[in-house]
Amino acid sequence: MLGHPRTISYLKRAVSHEFSAVQQFTLQAVQAERLGLGSFADELRAGAVDELRHAEAFIRRLHELGAGSPSVQVAARPVGRTLTELLGFGMATEADAMRLYFEALQFCDGMADVGNAALFEHIHDDEVQHYQELERRMRGTARS
Ligand SMILES: [Fe+2]
Ligand SMILES: [Fe+2]
């Protein structure tokens, strides 16, 4: 199985996105801890592990396509100080992932590349879930 150069590029962008999400959620977990939000800190840590698994899945696919280990730049994403900021910045990250993976999925679909379309679709759906969890918590925060 060989990938279109644009598919390889989407996979590399995906790895970079996932690592920057891991960094952001790890920094946010410590900030949440400092705010006395222990259970939210645990959720952020679990979220960081989810994103790490996503990075691994994309890296594995790059190897399967013969593209080797990507060397990626990890962009710094904002952490936030308050709970509302943590949630807002996290939601922005999930929304970026949803946009990127949807675009990649449409490209792969157009190329009749079923395997890569399925990978992007699967991870896109995880990001939608992540987004919805943060959104639910944001609504709860607004009420309290
Ligand atoms: Fe992810
Ligand atoms: Fe996510």
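Let us look at the structure shown here. Here the structure is a predicted model, which is why all the values come from computation and not from measurement.

Notes on the overall build of the protein chain
And then number 1: Within the protein chain, the regular secondary structure consists of four helices and zero strands.
And then number 2: Mapped from its N terminus to its C terminus, the protein chain presents α and β elements in the order α-α-α-α.
And then number 3: For 144 residues, the compact-globule estimate of 2.2 N^0.38 gives 15 Å, and the C-alpha radius of gyration of the protein chain, at 16 Å, lies within 12% of that figure.
And then number 4: The principal-axis extent of the C-alpha atoms belonging to the protein chain is close to 50 × 25 × 20 Å.
And then number 5: For the protein chain, the proportion of contacts with a sequence separation of at least 24, taken over those separated by at least 6, is 73%.

Things to note about the environment of Gly-88
And then number 1: By secondary structure assignment, the location of Gly-88 is in helix 3 (residues 83–110).
And then number 2: As a C-alpha pair, Gly-88 and Leu-134 span 46 residues in sequence and 8.2 Å in three-dimensional space.

What to know about the nonpolar core
And then number 1: Formed by 25 residues in total, the largest nonpolar core has its most connected members in Ala-14, Val-15, Ala-55, Phe-58, Tyr-101, Ala-104 and Phe-120.
And then number 2: Elements with a contribution of two residues or more to this core: helix 1 (5–34), helix 2 (38–64), helix 3 and helix 4 (114–143).
And then number 3: In this structure Ala-55 touches Val-15, Glu-18, Phe-19 and Val-22, once residues within four positions along its chain are discounted.

Brief notes about unusual backbone geometry
And then number 1: The phi dihedral of Ala-112 falls on the positive side, at around 55 degrees, and the residue is not glycine.
And then number 2: Secondary-structure assignment places Ala-112 in the loop between helix 3 and helix 4.
And then number 3: Looking at Ala-112, the number of C-beta atoms within 10 Å reads 7, which means it is exposed.

Brief notes about helix 3
And then number 1: Counted at 1.5 Å a residue, the expected span for helix 3 with its 28 residues is 40 Å, and the 41 Å between its end C-alpha atoms agrees.
And then number 2: Listed as buried for helix 3 are Leu-86, Leu-87, Gly-90, Thr-93, Glu-94, Ala-97, Tyr-101, Ala-104, Leu-105 and Cys-108.
And then number 3: Considering only its buried residues, helix 3 is in contact with helix 1 and helix 4.

Things to note about the environment of Gln-129
And then number 1: Looking at the element boundaries, Gln-129 is found in helix 4.
And then number 2: Judged by local crowding, Gln-129 falls into the exposed class, with 11 C-beta atoms found within 10 Å.
And then number 3: As a C-alpha pair, Gln-129 and Gly-66 span 63 residues in sequence and 31 Å in three-dimensional space.

So, helix 2
And then number 1: In this model helix 2 runs 39 Å from its N-terminal to its C-terminal C-alpha over 27 residues, within 8% of the 39 Å that 1.5 Å per residue would give.
And then number 2: Within helix 2 the residues assigned to the buried category are Leu-44, Gly-47, Glu-51, His-54, Ala-55, Phe-58, Ile-59 and Arg-61.
And then number 3: Buried-residue contacts for helix 2 involve helix 1 and helix 4.
And then number 4: Downstream of helix 2 by a residue or two, Gly-66 has a phi angle that is positive, lying close to 80 degrees.

Comments concerning the environment of Arg-136
And then number 1: Note that Arg-136 resides in helix 4.
And then number 2: Under the C-beta neighbour-count criterion, Arg-136 is labelled exposed, with 11 such atoms within 10 Å.

Some remarks on the packing of helix 3 against helix 4
And then number 1: At a closest axis distance of 8 Å, the pairing of helix 3 and helix 4 adopts a crossing angle of 160 degrees. Taken together, the axes of helix 3 and helix 4 are roughly antiparallel relative to one another. Here helix 3 runs over helix 4; the crossing is left-handed.
And then number 2: Residues of the contact of helix 3 with helix 4, tallied by class, amount to 18 nonpolar, six polar and six charged.

The rules behind each value
- Residues numbered from 1 in each chain as written.
- Chains lettered and ligands numbered in written order.
- Predicted model: local features only at pLDDT ≥ 70, side-chain atom pairs only at ≥ 80, totals over all residues.
- Helix = DSSP H or I, 4+ residues; strand = E, 2+ residues; numbered from the N terminus.
- Rg over C-alpha atoms; globule rule 2.2 N^0.38 Å.
- Contact = placed C-beta atoms within 7 Å.
- Core = buried A, V, L, I, M, F, W, Y, C linked by C-beta atoms within 7 Å.
- Buried ≥ 20, exposed ≤ 12 C-beta atoms within 10 Å, placed from the backbone.
- Expected span 1.5 Å × (residues − 1).
- Axes fitted to C-alpha atoms, helices over the stretch in contact; angles between N-to-C directions.
- Parallel < 35°, antiparallel > 145°, perpendicular 65-115°, else oblique.
- Left-handed = near helix turned anticlockwise from the far one by under 90°.
- Nonpolar A, V, L, I, M, F, W, Y, C, P; charged D, E, K, R; others polar.

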